[in-house]
Amino acid sequence: MYADLHCHSTASDGMLAPAALVERAHAQGVGVLALTDHDTLDGQAEARAAAGRLGIELVSGIELSCTWAGATIHVLGYGFEAEVAPLASAIDALHGGRWARAEEIARRLAAKGMPGCLEGARAVQQERGESGNAPSRPHFAEFMVRAGYVRDHAQAFQRWLGAGKLGDVKQHWPTLESTLATLREAGAWISLAHPCHYDFTRTKRRKLVMAFVEGGGHALEVSNGPQVDSQVGMLANTAREFGLLASAGSDFHGPRQWSEVGSYRALPDDLPLLWPRLTRMEHPKSKEQS
Ligand code: AMP
Ligand code: MN
Ligand code: MN
Ligand code: MN
């Protein structure tokens, strides 16, 4: 696929350093790429340098965690000005919140007879690349496997880290509404990430999309990696109904994981796409005025 607007590097929970990720995307034929690490812009400069060398177009990107109706939601922002104060301070706050959360996850696991998880998760993370960011749940999962606390990643999430489990600590995220406001202030194009991954009923998912539209969101991630065709079709309908642009990305985290970089199910071809807006570097405000 030509554009990939969703992937991760070692700046968050990906396996590849930003430059290696951009090289892999280029080798897969990606022409327009956004690196969307969780709650950090730390990988952007390295990715930009690599993109310049290879002649691949890199759009600034981030995947922000927030809460809505008691659930953790992911929102993707693109083409923003990184230096805008509200975005920079929101990212600082998330950084602090993620560290506090990682400590809390480790405390809870220690209380269940699994000591050393923060140091262990940190070691896994450091092994993959330098990062001052807090370890994410996949880093915890990897350490828990190595320590023999669980059989594999799947079990780590099923028993301890997955939605609603002891290690699913989420109280530090800002609200969806304030996250959308922050991204709008930074002049970002905003997409709702993987709307089918939240374990919501149809009705609740529709309410989420309505709140997203009300908060000034522009696009829906209609295709996310190998997500099944029926979900792509359903999200395409939602995008049409709400007049949202369609976005797509692999959500690549590493080789032999969820998906390959640059690959996701095809979008229906009548949908207006997000990435032409990004590459023309249109400002989202110009859309609001038109
Ligand atoms: P965190 O940033 O700490 O919230 O971790 C989020 C990441 O954990 C996601 O991007 C996934 O890579 C991974 N993850 C979340 N839930 C699961 C699950 N049930 N099974 C496997 N991986 C998961
Ligand atoms: Mn992730
Ligand atoms: Mn996500
Ligand atoms: Mn992601």
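About the cut-offs
Residues numbered from 1 in each chain as written. Chains lettered and ligands numbered in written order. Predicted model: local features only at pLDDT ≥ 70, side-chain atom pairs only at ≥ 80, totals over all residues. Heavy atoms only, no water. Donors = N, O, S within 2.8 Å, 3.2 Å for Na, K, Ca; no water. Helix = DSSP H or I, 4+ residues; strand = E, 2+ residues; numbered from the N terminus. Buried < 20%, exposed > 50% of the residue type's maximum accessible area, 1.4 Å probe, protein only. Lys, Arg positive; Asp, Glu negative; His and termini not counted. Salt bridge = Lys/Arg side-chain N within 4 Å of Asp/Glu carboxyl O. Contact = heavy atoms within 4.5 Å. Phe/Tyr/Trp six-rings, centres within 6.5 Å; stacked < 30°, edge-to-face > 60°. Lys NZ or Arg CZ within 6 Å of the ring centre and 35° of its normal. Pairing = 2+ DSSP bridges. Right-handed = clockwise from strand over helix to strand, strands pointing away. Arc of directions from axis to C-beta.

Enquirer: Looking at this structure, how should I read the coordination of the manganese ion (ligand 3)?
Expert: For a metal bound by four donors in tetrahedral geometry, the ideal donor-metal-donor angle is 109.5 degrees, whereas six donors in octahedral geometry ideally sit at 90 or 180 degrees. Coordination of the manganese ion (ligand 3) by the protein comes from Glu63 (OE), His74 (ND1) and His194 (NE2), over a distance range of 2.1 to 2.2 Å. Spacing between the donor residues of the manganese ion (ligand 3) along the chain follows E-x10-H-x119-H. Between the two metal centres, the manganese ion (ligand 3) and the manganese ion (ligand 2), the spacing is 5.7 Å. Highlighted residues: Glu63 in strand E4 (residues 61-68) and His74 in strand E5 (residues 71-78), separated in sequence by 11 residues. The residues Glu63 and His74 share a single accessibility class, namely buried.

Enquirer: Whenever I open this one, the side chain of Glu63 confuses me. Can you help?
Expert: No salt bridge is formed by the buried Glu63; the nearest opposite charge belongs to Arg98, separated by 7.9 Å. Here Glu63 is in contact with His6, His8, Thr36, Asp37, His38, Asp39, His74, Val75, Leu76, Ala193, His194 and Asp251, once residues within four sequence places are set aside.

Enquirer: Any chance you could explain the packing of aromatic side chains here in plain terms?
Expert: Aromatic rings in a pair are described by how distant their centres are and how their planes are angled relative to each other. For the coordinates displayed, the defined rule picks out three aromatic pairs. A ring pair is formed by Trp68 and Phe200, whose centres lie 5.9 Å apart and whose planes are at 50 degrees; its orientation type is tilted. Taken together, the residues span a long stretch of sequence, with Trp68 in strand E4 and Phe200 in the loop between strand E6 (189-192) and helix H8 (202-214) at a distance of 132 residues. Among the residues examined, Trp68 registers a relative accessible area of 17% and is labelled buried. Between the aromatic rings of Phe143 and Tyr149, the centroid separation amounts to 6.0 Å while the plane-to-plane angle is 85 degrees, which identifies the pairing as edge-to-face. Grouped by ring-pair contacts, the aromatic residues Trp68, Tyr198 and Phe200 constitute a single cluster. The aromatic ring of Phe200 is capped on one face by Lys204, whose charged end is 4.6 Å from the ring centroid.

Enquirer: What is the right way to look at the pairing of strand E8 (residues 245-249) in this model?
Expert: Each regular strand displays side chains that alternate between the two surfaces of the sheet. The element E8 is largely enclosed, with a buried count of five among its five residues. With five bridges connecting them, strand E7 (residues 219-224) and E8 associate as parallel partners. Each bridged residue has a counterpart across the sheet, and for Ala219 the counterpart in E8 is Leu245. A crossover links E7 with its parallel partner E8, the connecting element being helix H9 (residues 229-242), and its sense is right-handed.

Enquirer: How should I be thinking about helix H6 (residues 153-161) in this particular structure?
Expert: An α-helix turns once per 3.6 residues; consequently, residues spaced three or four apart project the same way. Among the residues of H6, Gln155, Ala156, Trp160 and Leu161 are the ones counted as buried. The buried residues of H6 occupy an angular sector of 145 degrees when projected down its axis, which confines them to one face. Buried residues along H6 sit in contact with helix H3 (85-111) and helix H5 (137-146).

Enquirer: Help me out: how do you make sense of the coordination of the manganese ion (ligand 4) in this one?
Expert: Distances from the manganese ion (ligand 4) to its protein donors, namely His6 (NE2), His8 (NE2), Glu63 (OE) and Asp251 (OD), fall within the range 2.1 to 2.3 Å. In the primary sequence, the donor residues of the manganese ion (ligand 4) line up as H-x1-H-x54-E-x187-D. Between the two metal centres, the manganese ion (ligand 4) and the manganese ion (ligand 2), the spacing is 4.7 Å. You can see His8 sitting in the loop between strand E1 (3-4) and helix H1 (18-27) and its partner Asp251 sitting in the loop between E8 and helix H10 (275-279), a full 243 residues away along the chain. Relative accessible area serves as the criterion here: at 0%, His8 is assigned to the buried category.

Enquirer: It is not clear to me how the pattern of salt bridges should be interpreted in this structure. Could you clarify?
Expert: Where charged atoms from two side chains of opposite charge come close, those side chains can pair. In total, this model carries 11 salt bridges according to the counting rule given. Between Arg146 and Glu127 there is a salt bridge whose closest N-O contact spans 2.9 Å. You can see Arg146 sitting in helix H5 and its partner Glu127 sitting in helix H4 (residues 117-128), a full 19 residues away along the chain. Look at Glu127 and you get exposed, because its relative accessible area is 55%. When the shortest N-O distance is used, the salt bridge between Asp229 and Arg265 registers 3.5 Å. Highlighted residues: Asp229 in helix H9 and Arg265 in the loop between E8 and H10, separated in sequence by 36 residues. For Asp229, a relative accessible area of 48% translates into the label partly exposed. Looking at Arg265, the relative accessible area reads 32%, which means it is partly exposed. Via salt bridges that share partners, Glu104, Arg107 and Arg108 belong to a single interconnected network.

Enquirer: What is the right way to look at the sheet that holds E1 in this model?
Expert: Whether parallel or antiparallel, the strands of a sheet pair through hydrogen bonds between backbone atoms. As summarised here, the arrangement of the three strands in space is E1-E2-E3, forming an open sheet in which the pairing is parallel. Looking at strand neighbours, the two that pair on one side only are E1 and strand E3 (57-59), the edges of this open sheet. Summarising the sheet, E1 and strand E2 (residues 32-34) pair through two bridges and their orientation is parallel. Across the sheet, the residue bridging to Ala3 is Val32, located in E2.

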